[in-house]
Number of protein chains: 2
Amino acid sequence: MNVNFNNRDPVYLQIVRYFKEKIAIGELEPGQEIPSRRELANRMKVNPNTAQRAYKEMEEQGLIYTEKNHPSKITTDNKILGQVRTELLVEAVDQFVTSVRSINVPVEELLDLVKEKYTENSEKEV
Amino acid sequence: MNVNFNNRDPVYLQIVRYFKEKIAIGELEPGQEIPSRRELANRMKVNPNTAQRAYKEMEEQGLIYTEKNHPSKITTDNKILGQVRTELLVEAVDQFVTSVRSINVPVEELLDLVKEKYTENSEKEV
DNA sequence: ACAAGTGTATGAACTACTTAATACACACAC
DNA sequence: GTGTGTGTATTAAGTAGTTCATACACTTGT
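A brief report on the enclosed structure follows.

Calculation rules
Residues numbered from 1 in each chain as written. Chains lettered and ligands numbered in written order. Predicted model: local features only at pLDDT ≥ 70, side-chain atom pairs only at ≥ 80, totals over all residues. Heavy atoms only, no water. Helix = DSSP H or I, 4+ residues; strand = E, 2+ residues; numbered from the N terminus. Buried < 20%, exposed > 50% of the residue type's maximum accessible area, 1.4 Å probe, protein only. Polar contact = N/O pair within 3.5 Å; in protein donor to acceptor, adjacent residues only side chain to side chain. Contact = heavy atoms within 4.5 Å. Near = heavy atom within 4 Å. Nonpolar A, V, L, I, M, F, W, Y, C, P; charged D, E, K, R; others polar. Core = buried A, V, L, I, M, F, W, Y, C linked by side-chain atoms within 4.5 Å.

Focus on the side chain of Ser-72 of chain A
All names here are of chain A.
Then, number 1: By the element assignment, Ser-72 lies in the loop between strand S1 (64-65) and strand S2 (73-74).
Then, number 2: What makes Ser-72 buried here is its relative accessible area of 0%.
Then, number 3: At a separation of 2.6 Å, a polar atom in the side chain of Ser-72 contacts the side chain of Arg-37.
Then, number 4: When residues no more than four places from it in sequence are discounted, the contact partners of Ser-72 are Gln-32, Glu-33, Ile-34, Arg-37, Tyr-55, Ile-64, Tyr-65 and Thr-66.

This is the structure in structure tokens:
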């Protein structure tokens, strides 16, 4: 439950993102129970309302569901779950391409940069 | 002088970015005069103080210089100018790679996505 | 009954950023 | 000199979004 919050983006969105990543890589499975609002807040050292806000956001996106007086659980809707990875990917690529389009970079140079940066240090982290 | 401001980032930073892009692609040349604070504010429909803030930021970064009572000009320091493109590129790549690392994407899939998105519609825009 | 743990709701407080109103010093054109 | 256009500085107010404090309702275990 380690999250490195940056200062620019709202914390509750960073929490949402954290869960989406876990879902995308299969670390969170359909129907799996996630920490209660208060427990998450404790673990992540954020205000309980911030945790609530994050969960509310996830609920609205259909990522989790909540039964009365029980901690929320990851949705069992495989369609939604499958879309998470794609969504994160497409989002990142779109933003990257958009921000880089205006600089007129040859595509080969771009791909080389990405490849180098992406594979760099990949041994250490395994 | 068309800038599409987004709501998330401060306007003055988006203005700085706009100029950096123009510098990066060589559309703004060393020593070239840029609009006065008030004129820029008019054109971009922002408050003069916001324009001032952007120019101040650029001045601190050494991108522009200002002689008494004259509109600012692009720096003639080729070292700085050359770094702008690299800076924008590295920044974009870093952010992209960081945001995508957590999803465990095979490098080939990633490069394909970027390539496809980047070259898509490239005919229409020429 | 009671305590502890759920989710939920409401309104206030805080923060960063933007906008705004003015003011000042200077230079140049007329 | 007067007017206009530069850059610059100061201070206040407004705004949107986030975070926080607090309270409430419900369930379960004891």
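Some details on the protein's contact with DNA strand D
Then, number 1: Taken together, 21 residues lie near DNA strand D, and Pro-10, Asn-47 and Asn-69 of chain A together with Arg-37 and Asn-69 of chain B sit nearest.
Then, number 2: When atoms of DNA strand D within 4 Å of the protein are sorted by moiety, sugar and phosphate together comprise 60%.
Then, number 3: With respect to DNA strand D, the backbone of Asn-47 of chain A contributes an N or O atom lying 3.3 Å from a phosphate oxygen.
Then, number 4: The contact in question runs from a base nitrogen of DNA strand D to an N or O atom on the side chain of Arg-38 of chain B, over 3.0 Å.
Then, number 5: Residue assignment for the surface near DNA strand D shows that the elements contributing at least two residues are helix H1 (11-24) and helix H3 (48-60) of chain A together with helix H2 (37-44) and helix H3 (48-60) of chain B.
Then, number 6: The dominant element in the surface near DNA strand D, judged by the number of residues it contributes, is H3 of chain A, at three residues.

Some remarks on the protein's contact with DNA strand C
Then, number 1: Residues in contact with DNA strand C amount to 19 residues; listed here are only the nearest, Arg-37 and Arg-38 of chain A together with Pro-10, Val-11 and Asn-49 of chain B.
Then, number 2: Counting only the atoms of DNA strand C that lie within 4 Å of the protein, the sugar and phosphate share comes to 57%.
Then, number 3: In this structure, a phosphate oxygen belonging to DNA strand C sits 3.3 Å away from a side-chain N or O atom of Asn-47 of chain B.
Then, number 4: Secondary-structure elements contributing two or more residues to the surface near DNA strand C are helix H2 (37-44) and H3 of chain A together with helix H1 (11-24) and H3 of chain B.
Then, number 5: Of all the elements, H3 of chain B adds the most residues to the surface near DNA strand C, at three residues.
Then, number 6: Grouping the amino acids of the surface near DNA strand C by side-chain chemistry returns four nonpolar, 11 polar and four charged.

What about the environment of Lys-56 of chain A?
Then, number 1: Note on placement: Lys-56 of chain A falls in helix H3.
Then, number 2: Lys-56 of chain A sits in the partly exposed class, given a relative accessible area of 48%.

Side note on the side chain of Thr-75 of chain A
Then, number 1: By the element assignment, Thr-75 of chain A lies in the loop between S2 and helix H4 (78-101).
Then, number 2: Judged by relative accessible area, which is 9%, Thr-75 of chain A ranks as buried.

Some words on the nonpolar core
Burial of nonpolar side chains together is a common tendency in soluble globular proteins.
Then, number 1: Phe-19 and Phe-96 of chain A together with Phe-19 and Phe-96 of chain B are the most contacted members of the largest nonpolar core, which totals 70 residues.
Then, number 2: Ignoring anything within four residues of it in the chain, the contact list for Phe-19 of chain A reads Leu-28, Ile-34, Leu-40, Tyr-55 and Met-58 of chain A.

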